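A closer look at the structure
Letter by letter, the chains look like this.
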Amino acid sequence: MNTALLNEADLATTRDTYDNFAELAAHETEGVAWARELRPAPGSDLAHIAVHGGGIEVGTTEAANAAAGDSHNYYSFRGKKKASSNRDLHVTSSHFDEPRCVALQHSMVRTVSWHGFHSTQKITEVGGLDDQFKMWVKRSLQHAGFAVTDAAVERAGRNPQNICNRNLSGYGVQLELSTAQRAAFFRNGDMSASNRQHTTEEFTHYIEAVQLAYRRLRA
């Protein structure tokens with residue numbers, strides 16, 4: 001079985017090691033265990049963020065980065081450890097308070113927060129408090145041929161303290177992509193760090209569908 005499937009199965013049943021970013025930063029070394037990336041896009045009020053990126057919820061950094069492109073703001077907190085050790089870096093979204101991400105969110109109106117959950121079924125769960133944007137994302141992904149459903153309660157992103165909702169409007173979109181869906185984004189389904197630069201046509205179509213949803217929202 002793909003090691004990512006095993007690692008994320010563990011993550012789904014493991015309590016967070018750290019309660020917030022300050023606690024994590026006091027015990028884990030930046031640049032060794034983790035890294036953060038921020039690419040502002042002046043004039044845009046939309047951010048694509050991956051707060052469990054890198055090796056934590058594999059593929060979310062790549063998706064957020066591609067969806068933001070050159071037109072919108074991008075942020076990722078990336079786990080850099082080996083294999084299952086990255087689960088130690090998972091801080092749940094309602095406690096995620098890394099200062100650069102919080103500062104970015106304070107100037108955003110719309111947010112898409114990219115996440116992953118363990119499932120061998122190819123599906124996306126859509127959550128968050130931005131019901132209008134969620135509607136367009138669901139419609140756009142379904143029209144592009146992707147399986148989409150409302151998020152399960154434990155992944156619904158309805159807490160106002162969830163980082164996806166901590167923007168100027170007070171609501172955002174949380175995309176939960178199954179392991180199988182994210183594996184399909186990379187050549188041969190290989191989610192290892194060395195292969196994640198090799199994205200598939202399915203990845204391109206998925207990103208384009210999310211980008212189209214935002215354009216329709218703004219039309």
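What counts and what doesn't
- Residues numbered from 1 in each chain as written.
- Predicted model: local features only at pLDDT ≥ 70, side-chain atom pairs only at ≥ 80, totals over all residues.
- Heavy atoms only, no water.
- Helix = DSSP H or I, 4+ residues; strand = E, 2+ residues; numbered from the N terminus.
- Salt bridge = Lys/Arg side-chain N within 4 Å of Asp/Glu carboxyl O.
- Buried < 20%, exposed > 50% of the residue type's maximum accessible area, 1.4 Å probe, protein only.
- Polar contact = N/O pair within 3.5 Å; in protein donor to acceptor, adjacent residues only side chain to side chain.
- Contact = heavy atoms within 4.5 Å.
- Pairing = 2+ DSSP bridges.
- Phe/Tyr/Trp six-rings, centres within 6.5 Å; stacked < 30°, edge-to-face > 60°.
- Lys NZ or Arg CZ within 6 Å of the ring centre and 35° of its normal.

1. Here's the deal with unusual backbone geometry
Notably, Asn188 is not glycine yet its phi reads approximately 60°, a positive angle. Mapped onto the fold, Asn188 is located in the loop between α6 (179–183) and α7 (201–218).

2. Considerations on the pattern of salt bridges
A full pass over the atoms with the stated rule returns 15 salt bridges. A salt bridge links Glu37 to Arg78; the nearest nitrogen and oxygen atoms lie 2.8 Å apart. Placement of the pair is Glu37 in strand β1 (residues 34–39) and Arg78 in strand β3 (residues 73–79), with a sequence separation of 41 residues. We classify Glu37 as partly exposed; its relative accessible area is 27%. The residue Lys134 makes a salt bridge to Asp131 at a minimum N-O spacing of 3.3 Å. Residue Lys134 and its partner Asp131 are both found in helix α5 (residues 131–143); the two are separated by three residues, about one turn of the helix. When its relative accessible area of 12% is taken as the criterion, Lys134 is described as buried. Take Asp131: its relative accessible area is 45%, and that puts it in the partly exposed class. Linked by salt bridges that have partners in common, Glu28, Lys81 and Asp88 make up one network.

3. Here's the deal with the side chain of Asn73
Residue position: Asn73 is located in strand β3. Within the local environment of Asn73, its side chain forms a polar contact with the backbone oxygen of Ser44, the two atoms lying 3.2 Å apart. When near neighbours in sequence (up to four residues on either side) are disregarded, Asn73 contacts Arg39, Pro40, Ala41, Ser44, Leu46, Ala47, His48, Ala68, Leu104 and Met108.

4. Thoughts on the pairing of strand β7 (residues 173–178)
Counted residue by residue, β7 has six buried out of six residues, so it is predominantly covered. A two-sided burial pattern is seen for β7, the buried positions comprising Val173, Leu175 and Leu177 on one face and Gln174, Glu176 and Ser178 on the other. Where strand β5 (residues 124–128) meets β7, five bridges bridge the pair, whose relative direction is antiparallel. Considered in β7, the bridge of Gly128 is made with Val173.

5. Notes on the packing of aromatic side chains
Centre distance and the angle of the planes are the two values used to describe a pair of aromatic rings. What the rule picks out here adds up to eleven aromatic pairs. Both rings, one in Phe21 and one in Phe77, keep their centres 6.4 Å apart while their planes meet at 90°; by these two values the pair is edge-to-face. Placement of Phe21 in helix α2 (residues 21–27) and of Phe77 in strand β3 is noted, with a sequence separation of 56 residues between them. Put simply, the rings of Trp114, Phe146, Phe185, Phe186, Phe203 and Tyr206 pair up and form one aromatic cluster. Lying over the aromatic face of Trp136, Arg139 brings its terminal NZ or CZ to 5.5 Å of the ring centre. In this structure, Arg155 is placed above the aromatic ring of Phe117, and the distance from its NZ or CZ to the ring centre is 4.1 Å.

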